[in-house]
Amino acid sequence: MNILLTSIGRRYYLINYFKKNLNSNIKIISTNSSNHTSAKNYSNFFYLSPKIESKSYLKFILSIIKKHKIKLIVPLIDIDSKKLSKNIKMINKYNATLISPPYRIVNIINDKFKLYEFLKRNDIITPKTYISKKKFLHDFNKKKIKFPVILKPKYGTSSILTIKANNTNQLNIYYKYLTQKISSEYFNKRNHKQKIVIQEYIRGTEYGLDLMNTIKGKYYSHLLKQKIHMRNGETDICKISNKKISQMCKKISELILHNFLIDVDMIYKNKKFYVIDINPRIGGGYPFTHILGFDMIKRLLDQVYSKKKFTSPYKFISKKKNIFVKDIQISQID
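Residues numbered from 1 in each chain as written. Predicted model: local features only at pLDDT ≥ 70, side-chain atom pairs only at ≥ 80, totals over all residues. Heavy atoms only, no water.

Student: Before we move on, could you go through the environment of Gly208 and cite the residues and values that matter?
Tutor: With respect to the secondary-structure elements, Gly208 resides in strand β10 (residues 205-213). Owing to a relative accessible area of 7%, Gly208 belongs among the buried residues under this scheme. Along the backbone, Gly208 and Val275 are 67 residues apart, and their C-alpha atoms lie at a distance of 9.9 Å. Contact partners of Gly208, with chain neighbours within four places excluded, come to Leu223, Leu224, Lys225, Lys227 and Val264. (Helix = DSSP H or I, 4+ residues; strand = E, 2+ residues; numbered from the N terminus. Buried < 20%, exposed > 50% of the residue type's maximum accessible area, 1.4 Å probe, protein only. Contact = heavy atoms within 4.5 Å.)

Student: Describe the nonpolar core, naming the residues involved and giving the relevant values.
Tutor: If you look at the biggest cluster of nonpolar residues, it comprises 38 residues, and the most contacted ones within it are Ile3, Leu5, Phe18 and Phe260. Mapped by element, the contributors of at least two residues to this core are β1 (2-6), α1 (13-19), β4 (70-75), β11 (219-231), β12 (234-241), α11 (286-291) and α12 (296-305). Leu115, Tyr219, Ile262 and Phe273 belong to the second-largest nonpolar core, a separate cluster that totals 24 residues. (Core = buried A, V, L, I, M, F, W, Y, C linked by side-chain atoms within 4.5 Å.)

Student: Which residues make up the sheet that holds β11, and what values go with them?
Tutor: Reading across from one edge, β14-β13-β10-β11-β12-β15 is the order of the six strands in this open sheet, with antiparallel pairing throughout. Strand pairing shows two members of the sheet lacking a second neighbour, β14 (272-279) and β15 (324-325), which therefore form its edges. As judged from the seven bridges shared by β11 and β12, these two strands associate in the antiparallel manner. By the bridge assignment for β12, Met230 is matched with Thr235. Along the sheet, α12 makes contact with β10, β11 and β13 (261-269), crossing β10 at roughly 15°. (Pairing = 2+ DSSP bridges. Axes fitted to C-alpha atoms, helices over the stretch in contact; angles between N-to-C directions.)

Student: Explain the pattern of salt bridges to me, and be specific about the residues and the numbers.
Tutor: Within the structure shown, the criterion is met by ten salt bridges. Residues Asp295 and Lys20 are paired through a salt bridge, measuring 3.5 Å at the closest nitrogen-oxygen approach. Of this pair, Asp295 sits in the loop between α11 and α12 while Lys20 is found in the loop between α1 and β2 (28-32), placing the two residues 275 residues apart along the sequence. By relative accessible area, which is 10% here, Asp295 ends up buried. Salt-bridge contacts for Lys154 lead to Asp111; the nearest nitrogen and oxygen are separated by 3.4 Å. Of this pair, Lys154 sits in the loop between β7 (149-153) and β8 (163-165) while Asp111 sits in the loop between α6 (103-109) and α7 (112-121), and the two are 43 residues apart along the sequence. Per residue, the accessibility class of Lys154 equals that of Asp111, and both read buried. Counted as one network, the salt bridges with shared partners bring together Lys128, Lys135 and Asp139. (Salt bridge = Lys/Arg side-chain N within 4 Å of Asp/Glu carboxyl O.)

Student: Describe the pairing of β11, naming the residues involved and giving the relevant values.
Tutor: Across seven bridges, β10 lies against β11 in antiparallel orientation. Looking at β11, one finds that Met212 is bridged to Ser221.

Student: Run through a nonpolar patch on the surface, naming residues and quoting values.
Tutor: On the surface, a nonpolar cluster with roughly 270 Å² of combined accessible area is contributed by Ile228, Ile323 and Val325. Topologically, Val325 is positioned in strand β15. Judged by its relative accessible area of 47%, Val325 is partly exposed. (Patch = residues over 30% accessible without salt bridge, like charges linked within 9 Å, V, L, I, M, F, W, Y side chains within 5 Å. Areas by Shrake-Rupley, 256 points an atom, 1.4 Å probe, with all protein chains shown as cover.)

Student: Explain empty space enclosed by the protein to me, using residue names and the numbers behind them.
Tutor: On inspection of all chains with the given rule, the structure shows two cavities of 30 Å³ or more. In this structure, the largest cavity occupies an estimated 40 Å³ of space. Lining the largest cavity are Lys112, Leu115, Tyr116, Leu119, Thr126, Thr129, Gln199, Val275 and Ile276. Residues belonging to the lining of the largest cavity are distributed by class as follows: five nonpolar, three polar and one charged. (1 Å grid on protein atoms, 1.4 Å probe; cavity = no way out; pocket = protein on both sides within 12 Å on 5 of 7 lines; lining within 4 Å. Points joined across faces, edges and corners; volume = space filled by probe spheres on them. Nonpolar A, V, L, I, M, F, W, Y, C, P; charged D, E, K, R; others polar.)

Student: Describe the side chain of Arg299, with residues and values.
Tutor: For Arg299, the location among the structural elements is in helix α12. Among buried Asp, Glu, Lys and Arg side chains, Arg299 stands out as unpaired, with Asp295 the closest opposite charge at 6.1 Å. (Lys, Arg positive; Asp, Glu negative; His and termini not counted.)

Student: Talk me through the layout of surface pockets; I want residue IDs and the actual numbers.
Tutor: Volume-wise, the second largest pocket comes out at about 840 Å³. If you list the elements that add at least two residues to the lining of the second largest pocket, you get β7, β8, β9 (196-200), β10, β11, β12, β13 and β14. Broken down by class, the residue content of the lining of the second largest pocket amounts to twelve nonpolar, 15 polar and 15 charged.

Student: So what about the packing of helix α3 (residues 57-67) against helix α4 (residues 78-86)? Which residues, and what values?
Tutor: Direction vectors running N to C along α3 and α4 enclose 75°, while the axes themselves pass 11 Å from each other. One finds that α3 runs roughly perpendicular with respect to α4. Of the residues in α4, those in contact with Tyr57, Leu58 and Ile61 of α3 are Asp80, Lys83 and Leu84. Looking at the contact of α3 with α4, its residues break down into four nonpolar, no polar and two charged. (Parallel < 35°, antiparallel > 145°, perpendicular 65-115°, else oblique.)

Student: Can you lay out the environment of Lys269 for me, pointing to particular residues and giving the numbers?
Tutor: Mapped onto the secondary structure, Lys269 falls in strand β13. With near-sequence residues (within four places) excluded, Lys269 lies in contact with Ile202, Arg203, Gly204 and Tyr274.

Student: So what's going on with the sheet that holds β4? Which residues, and what values?
Tutor: If you walk across this open sheet you meet the five strands as β3-β2-β1-β4-β5, and the pairing is parallel. The strands lining the two open edges of the sheet, one partner per strand, are β3 (45-48) and β5 (97-98). Bridge count for β2 against β3 is four bridges, and the pairing is parallel. The residue bridging Thr31 from the neighbouring strand is Tyr47, located in β3. Along the sheet, α4 contacts β1, β4 and β5; its crossing angle with β4, the most-contacted strand, is approximately 140°. Where α12 meets the sheet, it contacts β1 and β4, and its direction lies at approximately 150° from that of β4.

What follows is the structure in structure tokens.
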């Protein structure tokens, strides 16, 4: 009844978070498409996986589920959540639980424009977003939107290829550059005609939200952090925030239907939270939540292995006003 962490990359520290809450009979298996990961040092078993877009990827994952009697599967990047949730019936045959929102939801939130339409349709505040440069320029000329704006891949992740344009000339240059660049990225190899979104720039304070549901997909709790510094799409420096956001959290939880944790990026301006992005997985800012004393992983494992039932929302309270910083740790791997 072991645990599989897929596409683990740099997030080897999650292995220790899980192990701390497990007895020695439960093993941690991790996979990654590159051997260059410290997870090899910490996992009970590590496997080099095919690329997620490979036709052999699902077969590979299913073989590990069978071989190691996997009870819990935790994908750690967006496209992995999409691939595995799409094939949930095959996973269910092995009585394994996939930690992910349903495929129809993952398919929406992995697409920046679909996410915008989804949030807008459900009355959640989000920056105005365009899939058509022509439509954007039309609205700009009608003074319905102004510069600066953000250009990003429609299927982007980790803030890769995200650029701010301050005027029409920059917009045209960056749009052409991104069109060429995105074509080489694996998440856009399909022949999409519209690969870039143009998003209203909101000048405000950035926040990261760890939003936890029960294993049954009901709102359980959250932790809000104010971002002080970002690097490569992940929070490097932050502090806890006690801004009241419970009602918004409950609404998002009901929409996303995740069975553990999602990572929500937001900007606060004029007493309003704008949802910028939703990641269907444990986010890069989770270590801060963990260090602050809110062990969400323990609560997941309590439900899965100890069969505890969390029926009432839980309010985590921390009086810490410290600023927290991620440090670099060097690991040697074989």
